[in-house]
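Geometric and topological summary
Spelled out from the first residue to the last, the chains are:
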Amino acid sequence: MPGERGRAPEDEDALPHEDALLVVRAAEGDDEAFEALVHRHAPVLLRLATRLLGSPTEAEDAVQEAFVSAWRKLPEFRGDARFGTWMHRIVTNRCLNVLRSRQPVTALDSVAEPQAPEHQVSPPRVAEAHAAVQDLSRAIQGLSPEQRVCWVLRELDGVPYESIAESVGISQEAVRGRVFRARRYLTEAMAGWR
């Protein structure tokens, strides 16, 4: 999957076939097969949930709940989509439920910024960067949960529109519309930083 960084290209084609075999074995009650699926997909799903929720603790809970749900529903998994896509959809839905149930709070300043060499860091630049991150965090909070999910998947994870549509359960046109509206809103909200 294009949004899953860090995988060797030669492994990309083998994954769906290996996943399909592991899913069949896990659906038959093979705990080790399901554990292999968890180890294979958890890092990507955790990264996605953390970006969507802004809280590592909530992200871990969402991913764990998604895997518990998947384990229970595995015998019903028909294989219409790849296992990874199915899990993306479950995690995305869990995150949407969390986002809808709380006041939007995305602490982007909690993500560590890479440190510039000492000679390039000046107090005014640090203060300006901190203010920009705070403004962006506030702007992202202004997005609807649905827009935020589509924007994060597209802009931060680089997931293709087709995969986002499949994960979120809407049409590609709806995904494009949500990403477009999110971009426009964020551009307007951050106009002072241009």
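On a predicted model such as this, the values are computed, not experimentally measured, just so you know. (Residues numbered from 1 in each chain as written. Predicted model: local features only at pLDDT ≥ 70, side-chain atom pairs only at ≥ 80, totals over all residues. Heavy atoms only, no water.)

Turning to the overall build of the protein, a few remarks are in order. From N to C terminus, the protein includes nine helices and zero strands. Counting from the amino terminus, the protein carries its helices and strands in the arrangement α-α-α-α-α-α-α-α-α. Among the 194 residues that make up the protein, the fraction classed as buried is 36%. Put simply, 68% of the contacts in the protein that link residues at least 6 apart link residues at least 24 apart. Accessible surface, the protein: about 11200 Å² in total, of which carbon and sulfur atoms supply 52%. (Helix = DSSP H or I, 4+ residues; strand = E, 2+ residues; numbered from the N terminus. Buried < 20%, exposed > 50% of the residue type's maximum accessible area, 1.4 Å probe, protein only. Contact = heavy atoms within 4.5 Å. Areas by Shrake-Rupley, 256 points an atom, 1.4 Å probe, with all protein chains shown as cover.)

Right, let's talk about the pattern of salt bridges for a bit. Inspection of the entire model under this criterion finds seven salt bridges. With a shortest N-O distance of 2.6 Å, Asp19 and Arg40 are connected by a salt bridge. One end of the pair, Asp19, is in helix α2 (residues 14-27); the other, Arg40, is in helix α3 (residues 31-53), with 21 residues separating them in the sequence. Among the charged side chains, a network of salt bridges with common partners joins Glu18, Asp19 and Arg40. (Salt bridge = Lys/Arg side-chain N within 4 Å of Asp/Glu carboxyl O.)

Moving on to the nonpolar core. Formed by 45 residues in total, the largest nonpolar core has its most connected members in Leu74, Trp86, Met87 and Val91. Residue assignment for this core shows that the elements contributing at least two residues are α2, α3, α4 (56-73), α5 (83-101), α6 (123-141), α7 (145-156), α8 (161-168) and α9 (172-189). With near-sequence residues (within four places) excluded, Met87 lies in contact with Leu45, Ala66, Phe67 and Ala70. (Core = buried A, V, L, I, M, F, W, Y, C linked by side-chain atoms within 4.5 Å.)

With that settled, the discussion passes to the packing of aromatic side chains. Under the definition given, this model contains five aromatic pairs. When the centroid spacing of 6.2 Å and the interplanar angle of 85 degrees are considered together, the rings of Phe34 and Phe67 count as edge-to-face. Placement of the pair is Phe34 in helix α3 and Phe67 in helix α4, with a sequence separation of 33 residues. When the centroid spacing of 5.9 Å and the interplanar angle of 55 degrees are considered together, the rings of Phe83 and Trp86 count as tilted. Here Trp86 and Phe83 lie together in helix α5, a separation of three residues that amounts to about one turn. Judged by its relative accessible area of 3%, Phe83 is buried. Connected via pairs of aromatic rings, a cluster forms that spans Phe34, Phe67 and Trp71. In this structure, Arg154 is placed above the aromatic ring of Tyr161, and the distance from its NZ or CZ to the ring centre is 4.5 Å. Against the face of Tyr161 rests Arg176, its NZ or CZ located 4.0 Å from the ring centre. (Phe/Tyr/Trp six-rings, centres within 6.5 Å; stacked < 30°, edge-to-face > 60°. Lys NZ or Arg CZ within 6 Å of the ring centre and 35° of its normal.)

In this fold, Ala131 is placed in helix α6. What makes Ala131 partly exposed here is its relative accessible area of 26%.

Let us look at the packing of α7 against α9. One way to put it is that α7 packs onto α9 with a least axis distance of 8 Å and a crossing angle of 90 degrees. Here α9 runs roughly perpendicular to α7, going by the angle between their axes. Contact residues: α7 offers Glu146, Gln147, Cys150, Trp151, Arg154 and Glu155, while α9 offers Val175, Arg178, Val179, Arg181, Ala182, Arg183 and Leu186. (Axes fitted to C-alpha atoms, helices over the stretch in contact; angles between N-to-C directions. Parallel < 35°, antiparallel > 145°, perpendicular 65-115°, else oblique.)

Residues three or four positions apart in an α-helix share a direction because the helix packs 3.6 residues into each turn. Helix length check: α9 (18 residues) gives 25 Å between terminal C-alpha atoms against 26 Å at 1.5 Å per residue, within 8%. Of all the residues in α9, the buried ones are Val175, Gly177, Arg178, Val179, Ala182 and Leu186. (Expected span 1.5 Å × (residues − 1).)

Time to look at the confidence of the model for the protein. Scored by pLDDT, the protein comes out at a mean of 81, with 82% of its residues at no less than 70. Scored below 50 in pLDDT, residues 1-12 makes 20 contacts in the model with residues more than four places away or belonging to other chains. (pLDDT = per-residue confidence, 0-100.)

To continue, consider the packing of α3 against α4. Across the interface, α3 lies against α4 with an axial gap of 8 Å and an inter-helix angle of 145 degrees. Along this stretch, α3 crosses α4, giving a crossing that reads as right-handed. Residues Asp31, Phe34, Val38, His41, Ala42, Leu45, Leu46, Ala49, Thr50 and Leu53 of α3 lie in contact with α4, whose contacting residues are Pro56, Glu58, Ala59, Glu60, Ala62, Val63, Phe67 and Trp71. A class-by-class count of the residues in the contact of α3 with α4 yields 13 nonpolar, two polar and three charged. (Left-handed = near helix turned anticlockwise from the far one by under 90°. Nonpolar A, V, L, I, M, F, W, Y, C, P; charged D, E, K, R; others polar.)

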